[in-house]
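Chain by chain, the residues:
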Amino acid sequence: MRIALIQLEINDRENKLQRLERVEKILDEVDSAGLILLPELWNIGFFNFDNYHRESETLQGETINRMAAKAREKNAYILAGSIVEKMEERFYNTTVLLGPKGEILSTYRKIHLYGYGSRESKLLTPGQEIVTVDTDFGRVGLATCYDLRFPELYRRMVDQGAEIFLSTAGWPYPRVEHWVYLHFARAIENQAYLISCNSAGLQNGAQYLGRSMVLDPWGVAVVSAGMHEAVVQTEIDPHLVKAVREEFPPLADRKLKI
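Residues numbered from 1 in each chain as written. Predicted model: local features only at pLDDT ≥ 70, side-chain atom pairs only at ≥ 80, totals over all residues. Heavy atoms only, no water.

Peer 1: What should I look at first to understand the overall build of the protein chain in this one?
Peer 2: When you go through the protein chain residue by residue, the secondary structure sums to six helices and 14 strands. For the protein chain, the C-alpha radius of gyration of 17 Å lies close to 18 Å, the compact-globule estimate for 258 residues. Long-range pairs, those at least 24 residues apart, make up 67% of the contacts in the protein chain with a sequence separation of at least 6. About 11100 Å² of surface is accessible on the protein chain, with carbon and sulfur atoms providing 49% of the total. Treating the 30 positive side-chain charges of the protein chain as one cloud and the 35 negative ones as another, the clouds have centres 4 Å apart. (Helix = DSSP H or I, 4+ residues; strand = E, 2+ residues; numbered from the N terminus. Rg over C-alpha atoms; globule rule 2.2 N^0.38 Å. Contact = heavy atoms within 4.5 Å. Areas by Shrake-Rupley, 256 points an atom, 1.4 Å probe, with all protein chains shown as cover. Lys, Arg positive; Asp, Glu negative; His and termini not counted. Charge placed at Lys NZ, Arg CZ, Asp CG, Glu CD.)

This is how it looks when you write it as structure tokens:
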């Protein structure tokens, strides 16, 4: 299965509409991918805290509608990154997985909101639900950025049958080693694909790390991006997860379960 990671530059020059239009043009150039990923809060940028509430949308808003149209046009799954979702009087960091017909297959409201050097945890409400969903290429679990630091979330997704983790992120410099090593740990300990799409660029004085990556269920890096905007494409074999877990069985050997 072919996948594409759109590691988008987030900057202070573009407004939301301009970035939406630019992403549509990038998507037009992505050929043959069955799964496409976008970064966390890419439409406004993670570090654009002053605009979180003003630029919030519902799941029926412009960002998801336009990405759904692209999913139909490309006949592909699109992890549409996340948006600041307004629901009644609350705001969430909500990841949306779209199916090839443009339908919303699943949504995940970020559970672990970031507080260190960030106003996310003050402005948004944490989600409560662990999300896994069946697709044509296996059962996937959804996570967002800071969630990477919480292994219990990933293990709970595995207990719900997850074979592939899809993660959207706005991870900043300088915690490069944290980003890299935590990815390897989550893939290795859960014997699952981990596919992460991070932001690039400089916004409100914060440098995004880039380094979007795909790790296989052995914990081997299939592909990794640099720090700058890039579209990274590669192939994965979803059947590899079952084969790895059968050949080497630490998941089956667990004695303590959360």
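Peer 1: Before we go on, may I ask you to explain the sheet that holds strand E2 (residues 35-37) in this structure?
Peer 2: Paired through their backbone hydrogen bonds, the strands of a sheet run either parallel or antiparallel. Taken in spatial order, the six strands line up as E5-E4-E3-E2-E1-E14 in an open sheet, and their pairing is mixed. In the strand order of this sheet, the two ends are held by strand E5 (104-109) and strand E14 (230-235), each with one partner. Averaged over neighbouring strand pairs, the angle between their axes works out to 25° when direction is ignored. The sheet contact formed by strand E1 (residues 2-7) and E2 spans three bridges and is parallel. Bridge pairing in E2 links Leu5 to Leu37. (Pairing = 2+ DSSP bridges. Axes fitted to C-alpha atoms, helices over the stretch in contact; angles between N-to-C directions.)

Peer 1: Teacher, can you tell me more about the sheet that holds strand E12 (residues 213-215) here?
Peer 2: Pairing is mixed across the open sheet formed by six strands, whose spatial order is E6-E7-E8-E9-E12-E13. Either end of the sheet is taken by a strand with one partner, and the two such strands are strand E6 (132-135) and strand E13 (221-224). Adjacent strand axes in the sheet meet at a mean angle of 15° when their direction is disregarded. Judged from the five bridges that link them, strand E7 (residues 138-144) and strand E8 (residues 164-168) form a sheet pairing that is parallel. Its bridge partner being in E8, Leu142 is matched across the sheet by Leu166.

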